[in-house]
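What follows is each chain in one-letter form.
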Amino acid sequence: MSIAAAQVAMLWCGTGLAQTTPAPAPSEESTTVIVKGQRAALSSAQKVKQEAEEIVDSIVADDIGKLPDRSVTEVLQRIVGVTIDRTMAKNDPEHYSVEGSGVNIRGLSWVRSELNGRDSFSANGGRSLNFEDVPPELMAGVDVYKNPSAEQIEGAIGGLVNLRTALPFDYQGFKGALSLQSTYSPLREKTSPSGSLLLSNTWVTEGMGKFGALIDLAYSESATRNDKIQVEPYYPRTDIVNGQTVFVPKGAQWRTEDFDRTRQGAYGALQWKFGDVESSFTLFRSDYKMDWMENALFAQSNAYNITVDDGATWGKNGNLIKGTMRADADGGINFGADTRVMTRESATQDLGWNLKWKASEQWSFSTDLQYIRANTNSFDSTVATGVQMPKETIDLSGKLPRLIFDDADRARLSDPANYYWAFTMEHFDKSKANEKAWRADAKYKFDDPVLVDLRFGVRLTDRDAHTVNTGYNWTPVTQPWMAWWYLAPGSLAYLNDPRFADGAHLRSFDNFFNGRMSMPSLIFPNVEMASGYPDSYATLHSYAKTLCTEYHNGDDSSCFDTWTVRDASQPQYQNRQNEQTQSAYTQLRFAFDDWQYPVDGNVGLRVVNTRNKANGYTVFSPATGVPADAIGVPVPEIAAFSRAQDYEHTYVNVLPSLNLRMKAGKDLQFRFGYATGISRPDFSDMQAYTELKQSFSATSIDDDNDPTTPAITRIDSVSHTGEAKGNPMLKPVKSQQVDLTAEWYFGRTESITFAAFYKQLKDIIVKQTYVQQLTDTSGNPQDFVVTAPINGAKGHAAGFEVAYQQYFDMLPDWAKGLGLQANYTFVDSKRRLYNPVYSPYCSGGNTASNLNLNLNGCDTDGRTFGDLPIEGLSRHAFNLALLYDEGPWSARVAYSWRSKYLQAVNANGTNGTDGTDTNPASPSNGQRNVAWALPTWQDDYGQVDAGISYKWNEQLQIGLEGQNLTDSVNKQLMQQHIGLMGRAWNSNGPRYTVTLRYTF
């Protein structure tokens, strides 16, 4: 670090340095950051792909700070083999993300992220960056590595995303660039500013070498809106149409989500070169703040009290297509109307220092130090009113659903007297993580016709991660089902009661779905009722206690508090992890240039030792109420306990790799790659908190001959079970992968490439069971069956990619500059459990131990699905872009599309415990007590984005961009035995951006 400090001191003593002639032109390797224009950027990206030793695809900035999209996530989707998710989080398919969120490479989510070849991550319990948090304005390019080499840091089964920033020596002398942007969302009716500034300079001195300094700042706001219509899951009904089983949803609903994002970035770099020694010092910081507000209507009705008016239209499988629903038995269809606010603030800071020394013609050395620190803090609060809707007419016969309301419906829904305070729900999470990393590398260059060089090195890391997550605390305020035991029948906290009237407002849904639908106005809680936690929550829950006291004639002794603040310091909410790694590699590069078809490549071996430490708790609750004179199965005695427990897990992975390239001609080449890879488990899957419990089932035996004799309790069975929030003993997911490519480069920006791949996967992490032992008071071990994440499955992902790009310079003058870029990816996958879990019918509750439910999914009619693919994997995806570059004009029209994919099983909104038991062998056949959980899918989706720019002169450029110009609607599906039914439709509308760029 002293060398880095010296660089700073010498650099900013500017008056003592002699600025001389500009530095020589950058090497071929650095041209990717000084390219001008879209065509030159494509040329640079193609050069990276063609000359790389591994299989790499790249996107390079058109100009300084000008990647071709509004977020790094959206940039990545343009690369062949890469797809993005458009939900807020992978475990929350209910909420849409306009800019995209998770990234999959070749169908797999095990993706590593790097910044300038160094580890980079967000503090979210995972291992990679939230790419939407990173300012694209700071990036010079993005590289996606699809097969590893021994030299690369381990951990990327799906692929490796390396974000590249510029260094001062990439430019000749002084360089400055200013960018100003304004984005308008017609649906949100709001404008958002963005801007970036880069300043870089180099100095050549007498006797002290060459110095450079660069600073890059970025600021960006985004304001978007998403409108959504949802249809509830369909339930089997035999009492609607005589002699027929039909399927009826328990309601349909709508919502609007306003999303505001602020992203700030700062990057600085110092560089120094003297003779054969070169050093650089970089500092990168990204800050992300998100505020999100939702007004949502959602059904909380009794599905079996729904009736359908005569004249309804039914589908071929008995599903309701068009009709009017009522729930007269409940006083109307019960809905909740919530106001939800969520805020998240995240930051990632990366400090790196690198030193390179070319000791001789044969030997060169380098070393690298890094410190990265990340943190995030999130608060999510929901407050809801409730209302009984007299009737609801739905029409699902068209491309978009229609919800139809008459004037009486609208008047009732806009009257506060019909609303009551329904529930609250809060959630907190915060994380912080840091890592210290050091690596040292050496290279020996051979003087040999075949052997090129030998590379070897070591890397040491020490990473700490601490996450606090309270879960979601849903608590009723007043609900119809609280009648008789807590509230008087019909006694709810209605807004027309002066005691409960404050805190709500009438919300209209203007321009819903860009004017394609007209929805009734509704009464929602004020934002302050959600953001005012905990005081606003305490006020709301006092309403229930007031009504309860009235119900009990002023006696509040049985009116317990329904809500308490969760103590985030409790051990069940804590996840503390430490991970240390020591790795070493060696890699031999070779080239058979004298062969008829020259072959070059590398072969290597990487060995890594990983040691994880987790701090946690184990809690045991024994069975209670066991009579002393009970007979039958003995109940082992184990004292209750709650104790801190530390875990340590060490494992070694040996990772060989081979990469070959054969040049069949000047422009034609083929590749073969083989490698063993790993992806370590997310820290969220390794939380060391386990709850064990003992329970029993018993029968009371009476003496029929002597009724005065007390009954005897017979213990029929004893159950020892447990649930773990994570598993600190998890191993990494492993892969054996093979890649084959054929690549034809027939021009600077012209190419056709084909790649086939196969990844054999093992130790995939799933939630199943393992056995944990406790010793009873007699010294006997007792087995507890614990549900937790385990390495419990194997599988594969296989497919191919095709990519093509070309500018058609052979066209007439008026059409010169036109080009086309296209790519297509096919992926097939399969996952097989080591211990298969499948039952054709569902049973049990919605708990972690219900493996059939959680792994296979269950329908509302009690039947299992099974045979589900790997989550997040689309079988088909393609990109198509029409390009134009001629003179001062540059333009692009791009279409990105991916086919449907499985999002989740047992996600919020598509699960419940009121499924119909249709198992003919079940003693509860026909009852409505089965837990169900539907697989949710993202339907096929594509959108058109475009941009055009005009270069006024060498310094000034203006541009116009548009996102989602087709106003595409994103559709979510839910899997049921009657088909893939429409669950949700999302509309966020187009967005337009005006850009001004000035370089100097």
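Anyway, here's the lowdown on the structure attached to this text. (Residues numbered from 1 in each chain as written. Predicted model: local features only at pLDDT ≥ 70, side-chain atom pairs only at ≥ 80, totals over all residues. Heavy atoms only, no water.)

A short note on the overall build of the protein
- What the protein contains, in helices and strands, is seven helices and 50 strands.
- Here the protein has a C-alpha radius of gyration of 31 Å; the compact-globule value for 1000 residues is 30 Å, and the two agree.
- C-alpha atoms of the protein, sized along the principal axes, occupy 105 × 75 × 55 Å.
- A separation of at least 24 residues holds for 74% of the contacts in the protein among residues at least 6 apart in sequence.
- Accessible surface, the protein as shown: approximately 40,900 Å² in total, 54% of it carbon and sulfur. (Helix = DSSP H or I, 4+ residues; strand = E, 2+ residues; numbered from the N terminus. Rg over C-alpha atoms; globule rule 2.2 N^0.38 Å. Contact = heavy atoms within 4.5 Å. Areas by Shrake-Rupley, 256 points an atom, 1.4 Å probe, with all protein chains shown as cover.)

With respect to the sheet that holds strand β1 (residues 56–60)
- Judged by pairing direction, the sheet is mixed, and its five strands sit side by side in the order β1-β8-β9-β6-β7 without closing on themselves. With partners counted over all chains shown, the strands left at the sheet margins are β1 and β7 (118–119), one partner each.
- In the sheet, β1 pairs with strand β8 (residues 141–145) via five bridges, with the strands oriented antiparallel. Bridge pairing in β8 links Ile59 to Val142.
- The sheet strands contacting helix α2 (residues 38–51) are β1 and β8, and the helix crosses β1 at an angle near 160°. (Pairing = 2+ DSSP bridges. Axes fitted to C-alpha atoms, helices over the stretch in contact; angles between N-to-C directions.)

Structural notes on the environment of Gly795
- Along the polypeptide, Gly795 turns up in strand β38 (residues 781–807).
- It is 18 Å that separates the C-alpha atoms of Gly795 and Ala904, two residues lying 109 residues apart in sequence.
- Leave out the neighbours within four places in its chain, and Gly795 touches Lys759, Gln760, Leu761, Ile764, Lys830, Arg831 and Arg832.

Remarks on the side chain of Ser200
- As for its position among the elements, Ser200 is in strand β11 (residues 190–205).
- Not counting residues within four places of it along the chain, the set of residues in contact with Ser200 comprises Pro168, Tyr171, Gly173, Phe174, Lys175, Ala213 and Leu214.

Some words on the state of the cysteines
- One pass over the structure, following the stated rule, counts two disulfides.
- Cys548 shares a disulfide with Cys559; S-S distance 2.1 Å. Handedness of the Cys548-Cys559 disulfide follows from its S-S torsion of about -85°: it is left-handed. Note that Cys548 is positioned in helix α6 (residues 535–551) and Cys559 in the loop between α6 and β29 (574–592), a separation of eleven residues in sequence.
- Residue classification places Cys548 among the buried positions, given a relative accessible area of 0%.
- Disulfide pairing places Cys842 opposite Cys858 at an S-S distance of 2.3 Å. Because the torsion about its S-S bond is -110°, the bridge between Cys842 and Cys858 counts as left-handed. Here Cys842 is found in the loop between β39 (818–833) and α7 (851–856), whereas its partner Cys858 is found in the loop between α7 and β40 (876–886), with 16 residues between them in sequence.
- Under the relative-accessibility criterion, Cys842 is labelled buried at 5%. (Disulfide = S-S within 2.5 Å. Buried < 20%, exposed > 50% of the residue type's maximum accessible area, 1.4 Å probe, protein only.)

Here's the deal with α2
- A rise of 1.5 Å per residue sets the reference length of α2, with its 14 residues, at 20 Å; its end C-alpha atoms lie 20 Å apart and thus fit the reference within 8%.
- Of the residues making up α2, those classed as buried are Gln38, Ala41, Leu42, Ser43, Ser44, Ala45, Gln46, Lys49 and Gln50. (Expected span 1.5 Å × (residues − 1).)

Observations concerning α6
- End to end, α6 covers 25 Å across 17 residues, agreeing with the expected 24 Å (1.5 Å per residue, within 8%).
- Every buried residue of α6 is listed here: Ser536, Tyr537, Leu540, His541, Tyr543, Ala544, Leu547, Cys548 and Thr549.
- The elements touched by buried residues of α6 are β21 (363–389), β24 (419–445), β26 (473–476) and α5 (527–531).
- Positive phi shows up at Asn553, right after α6, with a value of about 55°.

Observations concerning the pairing of β24
- Pairing of β21 with β24 involves 25 bridges; the strand directions are antiparallel. From the neighbouring strand, Asp380 faces β24, where its bridge partner is His427.
- Sheet analysis places β24 next to β26, joined by four bridges and oriented antiparallel. If you follow Glu426 over to β26, its bridge partner there is Asn473.

Structural notes on a positive patch on the surface
- Taken together, the side chains of Lys273, Lys358, Lys443 and Lys445 present a region of like positive charge at the surface.
- Structurally, Lys443 is set in strand β24.
- Judged by relative accessible area, which is 30%, Lys443 ranks as partly exposed. (Patch = residues over 30% accessible without salt bridge, like charges linked within 9 Å, V, L, I, M, F, W, Y side chains within 5 Å. Salt bridge = Lys/Arg side-chain N within 4 Å of Asp/Glu carboxyl O. Lys, Arg positive; Asp, Glu negative; His and termini not counted. Charge placed at Lys NZ, Arg CZ, Asp CG, Glu CD.)

Some remarks on the pairing of strand β13 (residues 234–241)
- As paired strands, β13 and strand β14 (residues 244–249) are joined by five bridges and run antiparallel to one another. Counted as the bridge partner of Arg237 is Val246 from β14.
- A loop of two residues connects β13 with β14, the two strands running antiparallel in sequence, and Gly243 in this loop sits at a positive phi of about 70°.

A closer look at the pattern of salt bridges
- Across all of its chains, the model carries 53 salt bridges by this definition.
- Two residues, Glu232 and Arg983, come together in a salt bridge whose shortest N-O distance is 3.4 Å. Note that Glu232 is positioned in the loop between β12 (209–231) and β13 and Arg983 in strand β49 (residues 979–987), a separation of 751 residues in sequence.
- Classification of Glu232 as buried rests on a relative accessible area of 5%.
- For Arg983, a relative accessible area of 1% corresponds to the buried category.
- A salt bridge links Asp497 to Arg499, with the shortest nitrogen-to-oxygen separation between them at 2.8 Å.
- Within this structure, Lys49, Asp57, Arg106, Lys146, Asp739 and Glu801 form a network of salt bridges that share partners.

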